[in-house]
Amino acid sequence: QVRLVESGGGLVQAGGSLRVSCAASRSIRTMNTMAWYRQAPGRQRELVARISVDGSTYYADSVKGRFTISRDNDKNTVLLQMNSLKPEDTGDYYCAARQKYYGPYDDWGQGTQVTVSS
C-alpha cells in the first residue's frame, strides 16, 4: 500500500495553466500504472491520464494535446501539467496507483480541487 498526496490545485482563468502533483509515501517503481482521475460536480469520476512504468501514456480525448502526465520514479512523484484550461476541466483531481497493468487501482489520494473560471 502507498499513501498518495495531491497538491497544486487552485483557481485559474480559462486559457491558463496549472500543474498538480502527487507525492507517494514510498517508491513507485513497483507501481505499474499511475493515473490522474477527476470528478466534476454532479458527475462520475473519470480517467484523465495514466502513465505506465515504461513511460507509455494514455489521455482522455477531452484533454489530449493540452495535458501532460509524467512520473519521476526517483522522487516518487507524478505530475499533471494542464495547459489551455477550460471551465469544463473544473473538478477534484485524484491520483491513483496500481501494481498491475490492468484492473482496479490499489491506492487513491484525497484529491485536489481545480477550478477554471470563464
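Refer to the structure presented above.
The rules behind each value
Every residue gets a number counted from 1 within its own chain, in the order that chain's sequence is written. In keeping with the model being predicted, local features are shown solely for residues with a pLDDT of at least 70 and side-chain atom pairs are shown and tallied solely at 80 or more, while totals for entire chains, interfaces and linings include all residues. As a rule here, side-chain values come from all non-hydrogen atoms in the structure, and water together with hydrogens is ignored. The rule for a salt bridge is simple: a side-chain nitrogen of Lys or Arg has to be within 4 Å of a carboxyl oxygen of Asp or Glu. Each residue's exposure class comes from its accessible area (1.4 Å probe, protein chains only) as a fraction of the maximum for that residue type: buried when under 20%, exposed when over 50%, partly exposed otherwise. Counting from the N terminus, the helices are the DSSP runs of H or I reaching at least four residues and the strands are the DSSP runs of E reaching at least two. A cavity, in this analysis, means grid points on a 1 Å lattice covering only the protein atoms where a 1.4 Å probe fits yet has no way out; a pocket is instead an open set bounded by protein on both sides within 12 Å along at least five of seven lines, and a residue lines either one if it has an atom within 4 Å of a point. Grid points are joined across faces, edges and corners, and a volume is the space filled by probe spheres set on the points. Residues are grouped as follows: nonpolar covers Ala, Val, Leu, Ile, Met, Phe, Trp, Tyr, Cys and Pro; charged covers Asp, Glu, Lys and Arg; every other residue, Gly included, is treated as polar. What is meant by a nonpolar core is a set of buried Ala, Val, Leu, Ile, Met, Phe, Trp, Tyr and Cys residues, joined one to another through side-chain atoms within 4.5 Å. Contacts are residue-level and defined by heavy atoms, with any inter-residue pair within 4.5 Å sufficient.

A. The pattern of salt bridges, seen in detail. Applying the stated criterion across every chain, the model contains five salt bridges. Between Arg 38 and Glu 46 there is a salt bridge; the shortest N-O distance is 2.7 Å. Its relative accessible area of 5% is what places Arg 38 among the buried residues. The class for Glu 46 is partly exposed, based on a relative accessible area of 30%. For Asp 89, the salt bridge is made with Arg 38, and the minimal N-O distance between the two is 2.9 Å. On the criterion of sequence distance, the pair formed by Asp 89 in the loop between strand E8 (77-82) and strand E9 (91-98) and Arg 38 in strand E4 (residues 33-39) is long-range, its members being 51 residues apart. Pair check on accessibility: Asp 89 and Arg 38 agree, each one buried. Linked through salt bridges whose partners overlap, the residues forming this network are Arg 38, Glu 46, Arg 66 and Asp 89.

B. Fine view of the layout of surface pockets. Of the pockets and cavities examined, the largest pocket occupies roughly 160 Å³. Arg 38, Gln 39, Ala 40, Arg 43, Gln 44, Glu 46, Ser 62, Arg 66, Lys 86, Glu 88, Asp 89 and Thr 90 together form the lining of the largest pocket. Taken together, the residues of the lining of the largest pocket sort by class into one nonpolar, four polar and seven charged.

C. A look at unusual backbone geometry. Positive phi is not limited to glycine here, since Asn 76 has a value of about 55 degrees. Turning to its location among the elements, Asn 76 is positioned in the loop between strand E7 (67-72) and E8. With a phi close to 50 degrees, Ser 84 is a non-glycine residue in the positive phi region. Looking at the element boundaries, Ser 84 is found in the loop between E8 and E9. Since its relative accessible area comes to 42%, Ser 84 is described here as partly exposed.

D. Structural detail: the nonpolar core. Ranked by internal contacts, the top residues of the largest apolar core, which has 28 residues, are Met 34, Trp 36, Leu 80 and Met 82. Every element with two or more residues in this core is listed here: strand E3 (18-24), E4, strand E5 (46-52), E7, E8, E9 and strand E11 (112-117). The leading source of residues in this core is E3, at four residues. Among the nonpolar cores identified, the runner-up in size contains five residues, and Tyr 37, Leu 47, Ala 96 and Tyr 105 belong to it.

E. Highlighting the environment of Val 2. Along the polypeptide, Val 2 turns up in the segment before strand E1 (4-7). For Val 2, a relative accessible area of 3% gives the class buried. Residues Val 2 and Cys 22 lie 20 residues apart in sequence; the distance between their C-alpha atoms is 12 Å. The contact partners of Val 2, leaving out residues within four places of it in the chain, are Ala 24, Ser 25, Arg 26, Met 31, Ala 97 and Asp 107.

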